[in-house]
Structures are given as C-alpha cells and as structure tokens.
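Structure at a glance
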Amino acid sequence: MKLALLSSLALPAIVAAHNDARHVHIPRQAQSASAIPSPSPSPSASATAPAVSGSAVSSVAPVGSPPPTASFSLASENPTAVSLSDIISGTITTQPTLGASTTFAAGSVPTFLPNAPPLPNFATINPANYPPLDKPPPTDSPEVQQWIAEVQASGITIPNLSVTLPGGCAANPQLAADPTRCWWTCGGCVRDTDITTCPDKLTWGLTYDDGPAPYTPDLLQYLDQQNLKSTFFVIGSRAISYPALLQEEYMGQHQICVHTWSHPPATTVTTDEFIAELGWTKKVIKDILGVTPTCWRPPYGDIDDRIRAIGLAMGLTPIMWTRISPTATFDTNDYNIAGGLVSASEVLHNWEDIMGNVTQIDTGFIVLEHDLFAQTVDIATGYILPAALANNPKLDIKPVISCLNKPLSDSYLETNDNSTNPQPSTVNDSIFCAYHLIQWSSRFSAGYRQ
C-alpha cells in the first residue's frame, strides 16, 4: 500500500471540516459499564500501548503527535483484511481502486422498485450547470430561487432562529442552552420527525456518509458478497464526480439519501444557503438516478428546528444516529483516521463499546460510518462488518428504510405511494408547533418567576 503524508492544508474541504469535532464519542453509559466486561487484548490488535480498561477512550491526539492506540476484541475478522499496521492515521492512500463493477445502460429499469422511472444517461450531465465542487452553492441562481419559493409555499413554517457560529456548542453557549431551538448537537434534543434508532432490538440500520468515493466499490463488493444492503448519504459534489458509482449503489438496492452539496455544519448557514445545499443535491441525484430521495442526514448531525423545517419543506426526513445520553452517540469516529486524529485501533475500540451498549437498549440502532476514504472502508470491510456478522446475539443488518419496516420504494418521491411514508404537510407541522409551544412555556415560566 502506497501512502502519502497528509498536512492539514492538503486535506479536502470535506475532511478538514470533519475535524470540527461537533459530537463527542463517549462509549458507555456509566450505569451499564459494570454489566459489560472490559475489553481484552486481541491477537489481531496491533496496539503496542497498554490496554485501555473500562470505558475510557483517548481523546484526539495533540497536533504533531501520532494518535494513541487502544485495545479491542472482535468476534471475527475478514481473512483478507488490510492489516491494521497498514491503516495509517494522517495519510491518504494511493492503493488501486476497483471502479464500478457494473455499468448500466441509459434507460435501464430498476425492476425492484414499482413504478420507478428508467435510468437517465448521466453522460449528458454537464458539470458546468452545477455549483463548483465542495463549495457552498450561490443563492441567486434560477434553480435556487425556485426552491426558495417552493419552501415558502410548502405550508411548513421555518422558525426564525439565528444561525450559529462555527465551532459548535462551545462557540455558542447561549444558543446551546436554549431549549426552544432543539439543537441536536448540543444535548441531543430530538423531534418526532428525527430517526435515531430502528424500532426492533438488535436491528442495525447500516449507513455510510460522504460518498460515493474511490473506495466505495470495495465496500459495495463486500456488501454484495455478504448479501447486505445499506443506506448511503450522498454528497452532491461526490455524486456528480462519480455518477457510475451512485448508479451502482442504487441499482444494487441500497437506499440513497441526501447529505448536502458541500458538507457544511447546517446551523451555521442561512436558510436560503441551506435550501441551495439540499436542492442541488436532490437535483443531481435525480439527474443521475431518475428518482428523488425522501431522506437526508445533516453533516455532523448539526440540526435544529430551523434546519429540520427546511428539510421537511423540501420533502426530506432527517436520519441521525443513535444517542444513549446527551453526550454519548454511536459514532465510530472512523472519519478522523485520515486526518490523523485517531488510530484504527481506537475506532475498533469505539465499535466494541457500541456493541457493549447494543444489548443494553430496548431498540435497534444506527451507527455513524463513512465510505469517503480507504481507511474507513478498510475498517468496515476488514473488521467492523465481519465482527457484526459474527456477533452473538445475532444482529439483523439492513438499510434504515428496511429497519423501519417500510418498503424501499418509500425512499424516493417518484415511487412512494404515501401509504406508509406520508410526506410532510401543513396538517402535521409538528416542528413549528413544538417550537412555539416551548417558547411560550419558557416565557410564561420566566414571567411567573418574576
């Protein structure tokens, strides 16, 4: 495996942004830690540092120093897995990529989706007709102006919440403490529209963010070999760069969802700017696949009532990942390997801790993982997925739409018949009502105290 050392300036915009560290991985609830055995060293772990005991996990490494290692023990590994010693932090690999395993002729019909339109010819797509890659789209284009008008006419009121400063909760202490905005990043507030778990215990809603990317084919190959399906949260800038891979995901019966055009922390951009982020991503996915997703995930999980309402007004239901306390989420932290902030063994330690909590909750779960880099795909196909398949008790692994006990057709506007997945309407403007109810209650309580 060839490796290129990576400086912070050389990181793609999407990766540098990931180092924002908006959500903290805290692996286990204190009340359940005593019920779960501490991790034990495994022959497969290449860690040379002392084993991490209990639920302690190292924080990100100081700048300029390699990330620490951690102990872990997995139920199984892929015999052809890339060695952990070759999954190096702070690097971008140049190992060979597979490319799309199957190409589909324009006009091919997805027979697995009732009433699905035929595949478009993505060769006719002109990138000049889309925003620059990985840049916030401008808001003055005719397309964005139309989407803004459609949001205004949707009947869903967008709460008048201020944008946040970059830097998350620490940079916005007053906003973070404000319960009326229901900011998931700061405390884990959710609304009824947020999907954070699967309803059935031991069911894993499998998800990958930030692709399609050069190493996505390796992941798709392994998923096919194991007869697994996933939910992919697609960056618009990646979709237009790798349209054949996006078609392969879709035609492989994986669920496709929106993940914005340039991956900004959503609450830091204006309403019009965020409409542009979602709108262009929806458009490019439809131009490549012929269908429009009904689901999305906010980058970093950065969502509040304003951002929720924008998504719902654009026909998108938010899918987050599982949180077991205000500060503990099911985040493997895999995306930070490439940036040099965590080691591969720490990611696997995080995964082991997540599995320790899976039996402690009464629902299924959703985990944050990525298919952007070779490291994240190597970790998934070599270690996490084999361990999950061998887990005892057995896990039921499926896309989020399937873990919700809904048909795949509900994932797309063109194939959704609204019978099991009705689209947002003025009758069910729950976010607007909840926002104003909480705001009224807070003001009433403040007045009463006076």
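I will try to describe carefully the structure that is included in this document. Keep in mind it's a predicted model, so treat the numbers as computed, not measured.

Turning to the sheet that holds strand S10 (residues 396-398), a few remarks are in order. Reading across from one edge, S9-S3-S10 is the order of the three strands in this open sheet, with parallel pairing throughout. Edge positions in the sheet fall to strand S9 (365-366) and S10, since each of these pairs with one other strand and no more. Taken together, the two bridges between strand S3 (residues 203-205) and S9 define a ladder with parallel strand orientation. Residue pairing in the sheet places Trp204 in a bridge with Phe365 of S9.

This brings us to the packing of helix H5 (residues 216-225) against helix H7 (residues 243-251). The interhelical angle for the contact between H5 and H7, taken along N-to-C directions, is 15°, at an axis separation of 11 Å. If you check the angle between H5 and H7, you find them roughly parallel. The two elements H5 and H7 cross, and the hand of that crossing is left-handed. When H5 is examined against H7, the residues Thr216, Pro217 and Leu220 are found in contact with a partner set consisting of Leu245, Glu248 and Glu249. Here the contact of H5 with H7 is composed, by residue class, of three nonpolar, one polar and two charged.

To continue, consider the environment of Gly211. Structurally, Gly211 can be placed in strand S4 (residues 207-211). Taking C-alpha positions, Gly211 is 6.1 Å from Ile235, a pair spaced 24 residues apart along the chain. The residues contacting Gly211, other than those within four sequence positions of it, are Phe233, Val234, Ile235, Arg238 and Asp371.

This paragraph deals with helix H10 (residues 344-358). For H10, spanning 15 residues, the distance from its first C-alpha to its last is 21 Å, which sits close to the expected 21 Å at 1.5 Å a residue. Judged by how many residues are buried, H10 sits mostly within the fold: 15 of 15 residues are covered.

Gly211 connects to Pro212 through a cis peptide bond whose omega is -5°. Its location among the elements puts Pro212 in the loop between S4 and H5. Across the junction of Asn392 and Pro393, the peptide omega takes the value 10°, indicating a cis bond. With respect to the helices and strands, the residue Pro393 is situated in the loop between helix H11 (374-389) and S10. Residues other than glycine seldom take positive phi values, yet His263 does so here, at roughly 65°.

Calculation rules
- Residues numbered from 1 in each chain as written.
- Predicted model: local features only at pLDDT ≥ 70, side-chain atom pairs only at ≥ 80, totals over all residues.
- Heavy atoms only, no water.
- Pairing = 2+ DSSP bridges.
- Helix = DSSP H or I, 4+ residues; strand = E, 2+ residues; numbered from the N terminus.
- Axes fitted to C-alpha atoms, helices over the stretch in contact; angles between N-to-C directions.
- Parallel < 35°, antiparallel > 145°, perpendicular 65-115°, else oblique.
- Left-handed = near helix turned anticlockwise from the far one by under 90°.
- Contact = heavy atoms within 4.5 Å.
- Nonpolar A, V, L, I, M, F, W, Y, C, P; charged D, E, K, R; others polar.
- Expected span 1.5 Å × (residues − 1).
- Buried < 20%, exposed > 50% of the residue type's maximum accessible area, 1.4 Å probe, protein only.

In short, geometric facts, not functional conclusions.
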